[in-house]
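# Summary of the model geometry
Given next are the chains, with one letter for each unit.
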Amino acid sequence: MNFLRGVMGGQSAGPQHTEAETIQKLCDRVASSTLLDDRRNAVRALKSLSKKYRLEVGIQAMEHLIHVLQTDRSDSEIIGYALDTLYNIISNDEEEEVEENSTRQSEDLGSQFTEIFIKQQENVTLLLSLLEEFDFHVRWPGVKLLTSLLKQLGPQVQQIILVSPMGVSRLMDLLADSREVIRNDGVLLLQALTRSNGAIQKIVAFENAFERLLDIISEEGNSDGGIVVEDCLILLQNLLKNNNSNQNFFKEGSYIQRMKPWFEVGDENSGWSAQKVTNLHLMLQLVRVLVSPTNPPGATSSCQKAMFQCGLLQQLCTILMATGVPADILTETINTVSEVIRGYQVNQDYFASVNAPSNPPRPAIVVLLMSMVNERQPFVLRCAVLYCFQCFLYKNQKGQGEIVSTLLPSTIDATGNSVSAGQLLCGGLFSTDSLSNWCAAVALAHALQENATQKEQLLRVQLATSIGNPPVSLLQQCTNILSQGDKIDRRGSKIQTRVGLLMLLCTWLSNCPIAVTHFLHNSANVPFLTGQIAENLGEEEQLVQGLCALLLGISIYFNDNSLESYKKEKLKQLIEKRIGKENFIEKLGFISKHELYSRASQKPQPNFPSPEYMIFDHEFTKLVKELEGVITKAIYKSSEEDKKEEEVKKTLEQHDNIVTHYKNMIREQDLQLEELKQQVSTLKCQNEQLQTAVTQQVSQIQQHKDQYNLLKIQLGKDNQHQGSYSEGAQMNGVQPEEIGRLREEIEELKNNQELLQSKLTEKDSVIENLKSSQTSGTNEQSSAIVSARDSEQVAELKQELATLKSQLNSQSVEITKLQTEKQELLQKTEVFAKSVEVQGETETVIATKTTDVEGRLSALLQETKELKNEIKALSEERTAIKEQLDSSNSTIAILQTEKDKLELEITDSKKEQDDLLVLLADQDQKILSLKNKLKDLGHPVEEEDELESGDQEDEDDESEDPGKDLDHI
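Residues numbered from 1 in each chain as written. Predicted model: local features only at pLDDT ≥ 70, side-chain atom pairs only at ≥ 80, totals over all residues. Heavy atoms only, no water.

Counting its regular elements, the protein contains 46 helices and four strands. Taken across its 969 residues, the protein has 45% of its residues classed as buried. A sequence separation of at least 24 residues applies to 73% of the contacts in the protein between residues at least 6 apart. (Helix = DSSP H or I, 4+ residues; strand = E, 2+ residues; numbered from the N terminus. Buried < 20%, exposed > 50% of the residue type's maximum accessible area, 1.4 Å probe, protein only. Contact = heavy atoms within 4.5 Å.)

Written out as structure tokens, the structure reads:
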């Protein structure tokens, strides 16, 4: 501050110090000062001078300010001053513009400084990086500066930001800033950024902009919010308008559903502030952006569907029928509803069912038409109602039929209590207000658009002109009014009524030969048209002449020659005689050359600045483009060419009829083929299922047969061995393979017993050798110790032998169980065999009676399942027996090991010999008992009995004369 005072004091001390010199000193101090405070004070002084002396500060200080942004980022205060100074230099302040009265010069100055700043793209990138700073004094000036740059040179700055890494993403973070000032200015920045740049619009949309903006609108109170809501809505329009990708993203993100609360405005007469009207107007425009007729038809219809499903259309219709709604909001709501229902049948049907809250209730269409034909209503409102009626009838043949039916004699309410849409249209068509005439004629023409059926139905309409006179047709009445011209005093444009009626007649007669015949049947119509075309009138009347020429050309082109006096050839001769072909074509060209024709052909909505410009309808311009060329060709064709063309037409019609007939036949045959294909596919599926079921049943039958044969063979073998091996057969009871396995196990037991026997024999021989070799001088003390140790080992061996004996007993118990289960299994197999035999006998019957087979198969499957369960249980028991046998084998192995130890110790003890002899005797006794059990089990014992009995006798002799052994020792 002291430095600033010095500079300003020096400036006032002498007149030689001009503002430029002061700014130069400040710039030098910014560039050369080493103290941060001095540089900060200098930048602050430049900021204070930048508004008044914008040009001088911009020329001298911009480079130094950019350098400060690059080098002094650590100090947020000086960065904030520099950004504010740059903003003052670049932006076009409105107050300054008013003071200096140099708006254009100021704008040029801002653009020039902006161009200097963005000439180095690094400056914009630097500014984007500064926006990442959370400090308020840095971020807010940065946002304002970037917004100003975009306003001055938007496309160039957009391109720099687009190629900058994460440039758009950094700006999107501003919407999440908790400080409302920065968030709101961020919305303004994004408005300028997304203007007319589809690439940036897509990036912003995919950075979750829709979600954030809708959240802000909701937080601010929807339509009741302030200017922030307005800014958000403008940004949403920038993102969605003419951007099909973003529109599709908006729809798929279910954001249309979030728009419904915007239009919950109630029915009160007050509370419509200017800001609320602006917000709601923008909201309605945003809805129209999504369903605009210029969008792709598929995208528009999907948005229309979503708006109906979420209730948005219903909410808009509520506003439409509410009271106290401002006129401009009501008008925009009508336009919005028009485009939401345009060309989408479901929405059009719903709109037809909407009733106004009146007593009695009236359809909304009737209420709107009453406004359209009421000349007291605002012009823009009447245009909106006409557009709504056109959209309701667009590609809606059902709605067209309903409107035309209200004009037919059978549906008119005789009591006159209610007014129909048709009556309102007729009233407007024949009123003294030219604008009502035009609107009613165009509305009625849309009821006939591309609908030949309704064109023919409208010929039935009869009108009562006055009391006592016979009724006349609607077609005749239109031509009568047309022929009267300016004789009737009407309010508004002179030609508007005649143009509306001519457009109605042209639409009515096109593609409808019956209507052409009715028109030509009135002998006054053709002379009137030729007279109008032949006259040389002013510029205003040239349009009427062109439309008369178009109507006469339609009468020629769509003439079926049913009237002798007005055949095609006679009408062309009449044109050539009274008008001239070239003159006729010239007058026909007046339509497309009219200045208002091109304006009406651009958009479907009738949007006119004043009633005088309301001349052409959008759909009628399409009809003119379609018919102008073909009518010109028809006029220049000769009679012979017409005849040939007629013949060709008849031939083509016949051909078309034949082709149509065959197409119908082919279509019917295709339908029949589709049905037959479906039936064949169904039958194929059923056949495959049945074949699969039959294959499964056959395989199951084969399995049961195989099981039956196995059981039969098993039963045969069991019967053969029942005499000698009844107990052994009862022990097994399932399959011969298992019996064989058990026999092999018994053989292994026998071999183990023989091996044990041989080892015992070897032990006997060893004992004999020990007896002979043992000396008598054995130490008694050592003998006593050995004797004690041997007695312990013998006790252990006895205990192990007792365990083996208990295991053998448990095995005998389990074998008894198996015998009983074998008996039960044999009984079941007999029952099974009988059932299988019955099945074998009736196998031929099964092939013809599938139901019987299925029942028996189910029974067999159940029995098989039970047999499998029993076999599984037996196999588990067999496994347990195997484990027990393995344990017995391991016990025998342990015994063998103990006997080896005993052989080593028996040399040291005499008592051990005696105990071993007793032990061996007991062992022989147990082996004998095991052999007896084997015999009991049905296993034959070979000729080893004598040997075993001899050994037993030897052992008995030894046990009888133990004294001899002792004497020998």
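Read on for the rest.
Further remarks concern a nonpolar patch on the surface. Together, I658, Y662, M665 and I666 give the surface a local cluster of nonpolar side chains, amounting to about 380 Å² of exposed area. The class for I658 is partly exposed, based on a relative accessible area of 47%. (Patch = residues over 30% accessible without salt bridge, like charges linked within 9 Å, V, L, I, M, F, W, Y side chains within 5 Å. Areas by Shrake-Rupley, 256 points an atom, 1.4 Å probe, with all protein chains shown as cover. Salt bridge = Lys/Arg side-chain N within 4 Å of Asp/Glu carboxyl O.)

Time to look at the side chain of Q158. Tracing the chain through its elements places Q158 in helix α10 (residues 154–163). A residue is classified by how much of its surface remains accessible, and Q158, at 4% relative accessible area, is buried. Aside from chain neighbours lying at most four places away, what touches Q158 is L150, A192, L193, T194, R195, N197 and I200.

Let us now look at the packing of helix α19 (residues 312–321) against helix α21 (residues 345–353). Here α19 crosses α21 at 35°, and the two axes come no closer than 11 Å. The two elements α19 and α21 meet at a crossing, and its hand is right-handed. Contacts from L313, Q314, C317 and L320 of α19 reach α21 at N347, Y350 and F351. A per-class count over the contact of α19 with α21 returns five nonpolar, two polar and no charged. (Axes fitted to C-alpha atoms, helices over the stretch in contact; angles between N-to-C directions. Left-handed = near helix turned anticlockwise from the far one by under 90°. Nonpolar A, V, L, I, M, F, W, Y, C, P; charged D, E, K, R; others polar.)

Mapped onto the secondary structure, K581 falls in helix α34 (residues 581–588). As a buried residue without a salt bridge, K581 has its nearest oppositely charged side chain in E576, at a separation of 4.1 Å. For K581, the side chain forms a polar contact with the main-chain oxygen of I635, separated by 3.4 Å. (Lys, Arg positive; Asp, Glu negative; His and termini not counted. Polar contact = N/O pair within 3.5 Å; in protein donor to acceptor, adjacent residues only side chain to side chain.)

Before going further, it helps to examine unusual backbone geometry. A cis amide bond, omega 0°, links N359 with the succeeding residue P360. You can see P360 is positioned in the loop between β1 (355–356) and β2 (362–363). Even without being glycine, S196 reaches a positive phi, approximately 60°. In this structure, S196 sits in the loop between α12 (180–194) and α13 (198–206). Classification of S196 by relative accessible area gives exposed; the value is 74%.

On inspection of all chains with the given rule, the structure shows 12 aromatic pairs. Considering the side-chain rings of F206 and F249, the 4.6 Å spacing of their centres and the 35° angle between planes classify their relative orientation as tilted. Here F206, found in helix α13, pairs with F249, found in helix α16 (residues 244–252); they are 43 residues apart in sequence, far enough to count as distant. Classification of F249 by relative accessible area gives partly exposed; the value is 23%. Ring centres of F308 and Y350 lie 5.8 Å apart, and the angle between their planes is 65°; on these two criteria the pair is classed as edge-to-face. Separated by 42 residues along the polypeptide, F308 in helix α18 (residues 297–309) and Y350 in helix α21 bring together distant segments of the chain. Put simply, the rings of F206, F210, F249, F250 and Y255 pair up and form one aromatic cluster. Here the guanidinium or amino end of R342 rests over the ring plane of Y394, the centre of that ring lying 3.9 Å away. (Phe/Tyr/Trp six-rings, centres within 6.5 Å; stacked < 30°, edge-to-face > 60°. Lys NZ or Arg CZ within 6 Å of the ring centre and 35° of its normal.)

Our focus in this paragraph is helix α9 (residues 136–152). Here α9 is 17 residues long and its end C-alpha atoms lie 24 Å apart, about the 24 Å a rise of 1.5 Å per residue gives. Among the 17 residues that make up α9, 12 are buried, leaving the element largely enclosed by the rest of the structure. Among all positions in α9, only V138, R139, P141, G142, V143, L145, L146, T147, S148, L149, L150 and Q152 are buried. N-cap assignment for α9: the residue whose side-chain oxygen lies 2.8 Å from the backbone N of H137 is D135. (Expected span 1.5 Å × (residues − 1).)

Okay, the environment of I556 next. With respect to the helices and strands, the residue I556 is situated in helix α32 (residues 539–557). Separated by 40 residues in the primary sequence, I556 and V516 place their C-alpha atoms 8.6 Å from one another. Excluding residues within four positions of it along the chain, I556 makes contact with K568, L571, K572, I575 and I635.

Below, the discussion takes up the confidence of the model for the protein. Residues at a pLDDT of 70 or more form 75% of the protein, whose mean pLDDT is 80. When the criterion is pLDDT under 50, residues 1–17 qualifies, and its contacts beyond four places in sequence or with other chains add up to 15 contacts. When the criterion is pLDDT under 50, residues 94–101 qualifies, and its contacts beyond four places in sequence or with other chains add up to six contacts. (pLDDT = per-residue confidence, 0-100.)

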